Structures are given as structure tokens and as C-alpha cells.
Amino acid sequence: MIEIIGVTKVFDNGKNKVKAIQDVSLNINKGEIYGIIGYSGAGKSTLIRCINLLERPTTGKIVFKGEDLTALREKDLRSRRKKIGMIFQHFNLFNSRNVYKNVAYPLRGSKLSKEEEKKRVLELLELVGLKDKVMAYPSELSGGQKQRVAIARALANNPEVLLCDEATSALDPKTTNSILELLRELKNKLNLTIVLITHEMSVIKQICDRVSVMEGGQIIEEGTVAQIFSQPIHETTKEFIDTTTNRGKIYEILNKEENIFNIKEEDVLARVAYIGESTTEALLSKGSRKYRIDASILYGNIEILGETPIGEMIILFSGERENIQSFINYFREKGLIVEVIDHEGSNSKVYTKCS
Amino acid sequence: MKEVILKYIPNVLDNRIELMQSIGETIAMVSISGIISLVLGIIIGVFLVVTKEGNILENNIFNNIMGKIINFFRSIPFIILIGALIPLTRLIVGSAIGTKGAIVPLVFGTVPFFSRQIETALMEVDKGVIEAAQAMGSSPLDIIFRVYLREGLPGIIRGITITLISLIGLSAMAGAIGGGGLGDFAIRYGYQRFQIDITYVTIIIILIFVSIIQGLGNLVLKKIER
């Protein structure tokens, strides 16, 4: 649907040049919700604005439905933009217009009669659940309601893509959830492709199919949300995941002075992660019996991403070294991801996340 | 009633016909040069904003030249500007004196000030809203008329109010060099003939004009501001 090919964006104010995006290439498929996550200044906002050329890439191409947008004339670009809706962090509604006129704004010039226009606007407001606010002005609406108006406005010309530029960052958690639910619902109903950028991993977790992690203007990791959650590679990605789980806590506890878990030197500590089907098998008790190993779960967490369960545990194995190794291999055979955590037994003070 | 008037403002009574005439001239000068200035000022103000760096019709050279011209005219004291513009005034309206002759310098004196007012008003329009309009596929012309001029309307109204009030002041000055109007009237009788009651009455009339304009401005703002 959208291909970002080798895009670089340099901001040049005459004195110094800032490389906001460095050679980014991405493919966004039709009908998916694609998330881009990164800290402020990572370049994600510039990247999403390159997609509809609000920011013109310094080099590289943006291909939308097989057509290079960067090569189009202004007039043609404008007509393509009608097929790419966009919503913003601060909603960007027209304060001088009421809800009706905000939603009707992009319909001007679409050759609809007054009657048809009215029908379309009401239809859109129904879609976002704001039919009772037709005559209200933006100043009379809450943040969530404003974003709903913005969504209705962005969808007025039946776009195929919806770009969300930090669309929930100015909203409270409850409203964020309701807007994300709405986006997912609209995606299914209207067969939309959604690209969203955010700095909140919980947003990615809740609605995205695939995700890219951005840092320093580059994409440092990409994959399905399940992949990224179960096997994060980059340190930044792990940090983001830690913000939505308690995973980080366990390492804190392990690093404390007292050895509250009573870990012995010969014990093996490992992080075990699993995706999907392996959840249903009783691997832990089966393995424990088979290899005569005591396994205690120090920490466990399950995330449901879309419809895929993703589990993660920190397990302490006690028993014979060889048997522990076989146990771990058994896990690996069954498709589990096992990372052994370094430790130095009961006197240990350093636990690291490496495998 | 007549006794009171005779006692306190005798000269006004003697010159009441000329006073009425002067009021008419002031209204004519302010409204004609006002309308011309508003139209020109809005056009120039819009150009000043949209050609700024990073805006929808970015053009640094044009923007720079425009800015310099405006600053040039704004730095000339109005009373000197009137004199300097005499040849141009003659060329445009055929005469450099009288109410007609005052209109050209009034426009030149007002447009630069008003363009800056419009510029300020339009700069207040949230950049994000402009961006949203661009993302919806609006053309530059659409953005000017349907976003800038509409969203910036409260600021524009404020600018118009301030400009018209300052225009009344300028029109009194133009009167001093034969432009007619209340300024001329007050100077000729009140100042030159020491008929100070005429000066006071003129002040009150101008005060009423200013109040009406300010009142109307506030009324419109109350209606449109959200």
C-alpha cells in the first residue's frame, strides 16, 4: 500500500544541518495497523509527515498504490492527499467552525449537493459516535470528542489510509483506549490501512499488527508486534517493552543485596518466552518430571497481542547441570525462547539481561 | 436650552453649518480611505504571511522586499508623508488639496500599519490547523480564504478596529493641510481664532466616533469569537 524507499530528510536552516531521518525504508501492507514507536526526537513525526509529503523527503521516494508521490505535480498531490487522511496530537480542528462544518470542510469541491453533503457528514458523525454534537463548537468538546471529530473529518473523502500523528498522546488513558478501539473498529469497517506513531508501547500493544522502533532517525528494529514483544533485540526496544510490563522489576529485585529467592551457585536462571500455541502444552511440569529438575517461576506475564498470547517467565532451575541443559534444550525444541541469565550464585550482585 | 448653548459654546452655534459639513467630510475621508486601505491591507497582509519561510507560498525575496517597503512607509511621519506624496496625489486624483486630495496620503499612511495588523492576526492561526488543511488536500487559495481569513477573523476584526481609530487621527492631520474635516475645523477656529469651545466640541465628536467604532468592533468580536 505504502512503500517508503530510502527516505532521508535533512533540515537545513542555513547554519547547521540536522538529519531527522536517515535512509529509512518501510513497507506498509493494505489493511494493517502499522506502528512506529520512538522517543521524542527519534524522527518518527517527521517520517509520518513524509508519507503525505507535509514534509518533502530530501532524498528517497514515497510510493502510494504504486505511484511515486514525490514525483507528482502539486495539483495531483493534493488529489492523492484526499485519499490519505491524517489526525494529529492536538486535533487541529477549525475553532471558528462547529462540528458539522469541520467535518464538511474537506467535502467542498467534491461535487456533492447540499443534501448529499449533509447525509455524508451525519453518517461520519454517527460512525465516530458524535451525532448529538453536530452544532457544538470545538471549545465545547472534550479531548476525546475533539479527536473523534478530527477522525470523522479525516475520513470524509473515503481515504484508504489514515495517518495518526501521536493521536492519543494528549489524551488520558481511558480516552486513549476508547479512541484506539474506535480506530480498530473503523479499520475493519472501512478496510483502512492505519499508520500510527507513538511513544507509548501500550498503544502498539493494543492495536498494532506490525511495529518499527525508531532511534536517531533510523529504524533499529522491525517486526510483528508478537515478535518484537517476545524477542526484542535492541536495548531501546527492551526499554519500551519494560514500560508496559513488570519485566524490568524482576531484574531490580534480583540485583538487590539480599538473595530473596535463595539462588544457589549451581542453579540456572533463565528467561523463557513463548508465543501462541506453545502456551497450551504443560511444558513446565512435563519437563520437570522428565529431567527431575525443580523449576520455580520467579516472574510470569502474559500479554494478548491481537489474538496471540505471548508469555514470558523468569524460571529458576535447580538440579543437575546436565539435566538442566537438557530441560532447556527441550524447551527450545518446543519452540520456546530461552535466555540464560548470568548470575554468581548466592553472593551475586550482578544480574544482567544477556543470554 | 438655547441660553446654555449660547453661554458655553457660542462659536459652535455660529459655525454650526460648517461643523456639520466638517463631520460629513471626516466621515467621507475615513470611510473611503478606510475601505481602500482595508482591501489593500488584507491583500498585503496575507501575502506577508503566506510567503514567509516554511509557509504555503514561501518566497523569501518577495517577503523581504515587501517587508522593507512597509517599514519604509511606516517610518515616515504622516505630516511629512502628505507633503512628499503631493505629486503622486495629483497624478491619481487630480488634486492634492481638499477631501479628495487627503485620501491618497491617508491610504499610504494606513495600509502599511494595517498590513502589519493583519500579519499579526494571521500569524496567530494555529500552524497545526494549516497543516491539517494541507493534509486534506486544500490548495493554497483554499487555505487563504477558508482557513487563514476565517480562523484569523477575530484578530482581523481587532486590527480593523485599531486601524480605523488611528485613521480618524490621521484624517484630522490631513485636515490641517486643507483636507477639510473635523481636524481642519478645529484648527482654523479653535486654534487659530482662539475659539476654544470649538476645539472641545470637536474632541467630543471625535470621541463619539471612536467609541462607536470600538463598540461595533467589540460587538462583532462577541458574535464570532469561540
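For every chain, the first residue of the written sequence is number 1, and numbering continues from 1 along that sequence. Each chain is given a letter, starting from A, and each ligand a number, starting from 1, according to the order in which they appear as written. This being a predicted model, a pLDDT of at least 70 is required before a residue's local features are given, and a value of 80 or more before pairs of side-chain atoms are given or counted; all residues contribute to the totals for chains, interfaces and linings. The side-chain figures draw on all heavy atoms in the structure; neither hydrogens nor water molecules are used.

Undergrad: Go over empty space enclosed by the protein with me, naming the residues and quoting the values.
TA: All names here are of chain A. Cavities and pockets were defined on a 1 Å grid built from protein atoms only: a cavity is a group of points that admits a 1.4 Å probe but offers it no way out, a pocket is an open group of points flanked by protein on both sides within 12 Å along at least five of seven lines, and a lining residue is one with an atom within 4 Å of any such point. Grid points are joined across faces, edges and corners, and a volume is the space filled by probe spheres set on the points. Per the counting criterion, the structure on display carries seven cavities of 30 Å³ or more. Counted as a void, the largest cavity has a volume near 80 Å³. What lines the largest cavity is Phe-229, Ser-230, Ile-241, Thr-245, Arg-247, Arg-271, Ala-273, Asn-301, Glu-303, Ile-310, Gly-311 and Glu-312. Runs of H or I in DSSP of at least four residues are treated as helices and runs of E of at least two as strands, each being numbered from the N terminus. The greatest single-element share of the lining of the largest cavity, amounting to three residues, is contributed by strand S13 (residues 308-318). Class assignment of the residues belonging to the lining of the largest cavity gives a composition of four nonpolar, four polar and four charged. Gly counts as polar in this scheme, as do all residues outside two lists: the nonpolar Ala, Val, Leu, Ile, Met, Phe, Trp, Tyr, Cys and Pro, and the charged Asp, Glu, Lys and Arg.

Undergrad: Go over the environment of Leu-91 of chain B, please, and point to the residues and values.
TA: Relative to the assigned elements, Leu-91 of chain B resides in helix H6 (residues 86-93). A sequence separation of ten residues divides Leu-91 of chain B from Leu-81 of chain B, and the C-alpha atoms of the two residues are 16 Å apart.

Undergrad: Could you give an account of the interface of chain B and chain A, naming the residues involved and the relevant values?
TA: In this analysis, two residues are considered to be in contact whenever any of their non-hydrogen atoms come within 4.5 Å of each other. Tallying the contact residues gives 19 residues for chain B and 22 residues for chain A. Once two parts are put together, the accessible area they lose, assessed with a 1.4 Å probe and summed over both, is termed the buried area. For the pair chain B and chain A, the two sides together bury roughly 2,000 Å², of which 50% comes from carbon and sulfur. Broken down residue by residue, the surface that chain B buries against chain A is led by Met-136, Arg-146 and Arg-226 of chain B, which jointly contribute 37%. A carboxyl oxygen of Asp or Glu within 4 Å of a side-chain nitrogen of Lys or Arg is what we treat as a salt bridge. Put simply, chain B and chain A have two salt bridges between them. The partner of Arg-97 of chain A in a salt bridge is Glu-151 of chain B, with the nearest N and O atoms 3.7 Å apart.

Undergrad: Kindly report on a nonpolar patch on the surface, identifying the contributing residues and their values.
TA: All names here are of chain B. The grouping of Ile-35, Val-39, Ile-43, Phe-47 and Phe-62 at the surface amounts to a nonpolar patch, some 450 Å² of accessible area in total. Broken down by element, the nonpolar patch gets its largest block of residues, four residues, from helix H3 (residues 16-50). Along the chain, Ile-43 turns up in helix H3. Whether a residue is buried, partly exposed or exposed follows from its accessible area with a 1.4 Å probe, protein chains only, as a fraction of its type maximum: under 20%, in between, or over 50%, in that order. According to the relative accessible area criterion, Ile-43 is partly exposed, its value standing at 43%. Residues enter patches when they are more than 30% accessible in relative terms and free of salt bridges; like-charged ones are connected within 9 Å and nonpolar ones (Val, Leu, Ile, Met, Phe, Trp, Tyr) within 5 Å. Surface accessibility follows the Shrake-Rupley procedure with a 1.4 Å probe radius. Residue values consider only the protein chains on display as shielding.

Undergrad: Give me the sheet that holds strand S7 (residues 161-165) of chain A: which residues, what numbers.
TA: Residues and elements named next belong to chain A. Any two strands between which DSSP finds at least two bridges are classified as paired. Here six strands make up an open sheet; going across it, the order is S6-S7-S8-S3-S9-S10 and the pairing mixed. Across the chains shown, the open sheet's two edge strands, defined by having one partner strand only, are strand S6 (84-88) and strand S10 (218-224). Strand-to-strand twist across the sheet, computed as the mean angle between neighbouring axes with direction ignored, equals 15 degrees. Inspection of the sheet shows strand S9 (residues 210-215) paired to S10 by six bridges, in the antiparallel sense. When the bridges of S10 are listed, Val-211 appears paired with Gly-223. Between N-to-C directions, angles span 0 to 180 degrees; the directions come from axes that are lines fitted to C-alpha atoms, helices contributing only their stretch in contact.

Undergrad: Before we move on, can you summarise the side chain of Asn-102 of chain A with the specific residues and values?
TA: Residue and element names in this part refer to chain A. Relative to the assigned elements, Asn-102 resides in helix H3 (residues 99-104). Each polar contact in these results corresponds to two N or O atoms within 3.5 Å; when the atoms are within protein, one needs to be able to donate a hydrogen and the other to accept it, and residues that are neighboring in sequence are counted only if both atoms are side-chain atoms. Only 2.8 Å separates the side chain of Asn-102 from the backbone nitrogen of Phe-94, close enough to count as a polar contact. Discounting residues that sit within four places of it in the chain, Asn-102 has contacts with Leu-93, Phe-94, Arg-97, Pro-138, Val-149 and Arg-153.

Undergrad: Tell me about the sheet that holds strand S2 (residues 17-28) of chain A, and please be specific about residues and values.
TA: Residue and element names in this part refer to chain A. Strands sit in the order S2-S1-S4-S5 across an open sheet of four strands; the sheet is antiparallel. For this open sheet the edge positions go to S2 and strand S5 (67-68), each flanked by a neighbour on one side alone. One ladder, built from two bridges, connects strand S4 (residues 59-64) with S5; its direction is antiparallel. Bridge pairing links Val-63 to Asp-68 in S5.

Undergrad: Residue-level account of the nonpolar core, with values.
TA: Formed by 79 residues in total, the largest nonpolar core has its most connected members in Ile-4 of chain A together with Tyr-148 of chain B. A per-element tally of this core places H3 of chain B first, with eight residues. Among all residues touching Tyr-148 of chain B, those that are not within four sequence positions of it are Val-49, Val-50, Asn-55, Ile-56, Leu-122, Val-125, Ile-130, Ile-143 and Leu-153 of chain B. Think of a nonpolar core as a cluster: buried Ala, Val, Leu, Ile, Met, Phe, Trp, Tyr and Cys residues, connected wherever their side-chain atoms sit within 4.5 Å.

Undergrad: A description of the state of the cysteines should follow, citing residues and the corresponding values.
TA: When the sulfur atoms of two cysteines come within 2.5 Å, that pair is taken as a disulfide. Considering all chains together, one arrives at zero disulfides over all chains under this definition. Summary of cysteine pairing: Cys-164 of chain A is not part of a disulfide, and the nearest cysteine sulfur, belonging to Cys-208 of chain A, is at 9.2 Å.

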